Amino acid sequence: MRRQKIRTSRMGKFIGAGLLAALFSSAATASCVTVEELRADQVRFLDMQLRVAALQCRNRGNGFPGLYNAFVLTHRKTIQASRAPVEQYLARLSHVNMDSYTTRLANRVSLESIRVSNFCEEAALSAVFMMELADPLDGLDLMPINYSPPLGMCADSAMMLGEPRLGPATLR
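Below is a short write-up of the structure. Keep in mind that what you see is a predicted model, and the values were worked out from it rather than measured.

Before going further, it helps to examine the nonpolar core. L50, F64, F71 and Y101 are the most contacted members of the largest nonpolar core, which has 39 residues in total. Going through the elements one at a time, α2 (35-56), α3 (64-74), α5 (83-94), α6 (98-114) and α7 (119-130) are the ones with two or more residues in this core. Per element, the largest residue contribution to this core is 10 residues, and it comes from α2. What F71 contacts, discounting residues up to four positions off in sequence, is L46, D47, L50, I79, M130, M131 and P136.

In structure tokens, the structure reads:
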């Protein structure tokens, strides 16, 4: 009888520890940006960088506003589809709305573009190249300003899930 009590007691502790670990694991996962959200954030960053370049470089003779418009037409579905996942992680992790996120991103890109000596030329070349790509994120590393993953990105979690790629830019 006593042996059975000890066994039952140990089993209960084991099950309790397993449940506790599962709860912590799901809470940690809920606080992480998913791979889909990360990809959407990268698309928003890429689009914003080219949008800022279209404004800053419009009088440089490189036809940048037209390049940006062609990029948007080529990748419209991808750009539009990136909004909802970004809104999801913003609501879940930061409680920042999409307008504030977009403004902060535009300000960051604009400030960082000042530090890149050939920003307009590099952005124009990147835009031309990305129009030829099926997935614009394949050209993310070509952009003049480096991508930084959002706070809450749990790269280890995404890698463990066996996601096909996060992209080298996300691991800087």
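Here we take up the environment of A123. With respect to the secondary-structure elements, A123 resides in helix α7. Between the alpha carbons of A123 and L142 there is a distance of 8.4 Å; along the sequence they are 19 residues apart. Other than its neighbours up to four places away in sequence, A123 contacts L50, A53, F64 and P144.

This paragraph deals with the packing of α2 against α5. One way to put it is that α2 packs onto α5 with a least axis distance of 8 Å and a crossing angle of 115°. When the axes of α2 and α5 are compared, the pair comes out roughly perpendicular. Here α2 runs over α5; the crossing is left-handed. Between α2 and α5, the contacting residues are E36, E37, A40, D41 and R44 on the first element and R83, P85, V86, Q88, Y89 and R92 on the second. Of the residues in the contact of α2 with α5, the class split is four nonpolar, one polar and six charged.

For α7, built from 12 residues, the straight-helix expectation of 16 Å at 1.5 Å per residue is met to within 8% by its first-to-last C-alpha distance of 16 Å. Among the residues of α7, F119, C120, A123, A124, S126, A127 and M130 are the ones counted as buried. The buried residues of α7 occupy one face: seen down the axis, they fall within an arc of 165°. Where α7 is buried, its residues touch α2, α3 and α6.

Here we come to the state of the cysteines. Under the defined criterion, the tally for this structure stands at one disulfide. Between C57 and C120 runs a disulfide, and the two sulfur atoms are separated by 2.0 Å. Around the S-S axis, the bridge from C57 to C120 shows a dihedral of about -85° and counts as left-handed. Of this pair, C57 sits in the loop between α2 and α3 while C120 sits in helix α7; the two residues are 63 residues apart in sequence, bridging distant segments of the chain. For C57, a relative accessible area of 0% corresponds to the buried category.

To continue, consider the environment of S113. Mapped onto the fold, S113 is located in helix α6. Taking relative accessible area as the criterion, S113 reaches 4% and is therefore assigned buried. Residues S113 and V52, 61 residues apart in the sequence, show an inter-C-alpha distance of 8.7 Å.

Rules of the game
Residues numbered from 1 in each chain as written. Predicted model: local features only at pLDDT ≥ 70, side-chain atom pairs only at ≥ 80, totals over all residues. Heavy atoms only, no water. Core = buried A, V, L, I, M, F, W, Y, C linked by side-chain atoms within 4.5 Å. Buried < 20%, exposed > 50% of the residue type's maximum accessible area, 1.4 Å probe, protein only. Helix = DSSP H or I, 4+ residues; strand = E, 2+ residues; numbered from the N terminus. Contact = heavy atoms within 4.5 Å. Axes fitted to C-alpha atoms, helices over the stretch in contact; angles between N-to-C directions. Parallel < 35°, antiparallel > 145°, perpendicular 65-115°, else oblique. Left-handed = near helix turned anticlockwise from the far one by under 90°. Nonpolar A, V, L, I, M, F, W, Y, C, P; charged D, E, K, R; others polar. Expected span 1.5 Å × (residues − 1). Arc of directions from axis to C-beta. Disulfide = S-S within 2.5 Å.

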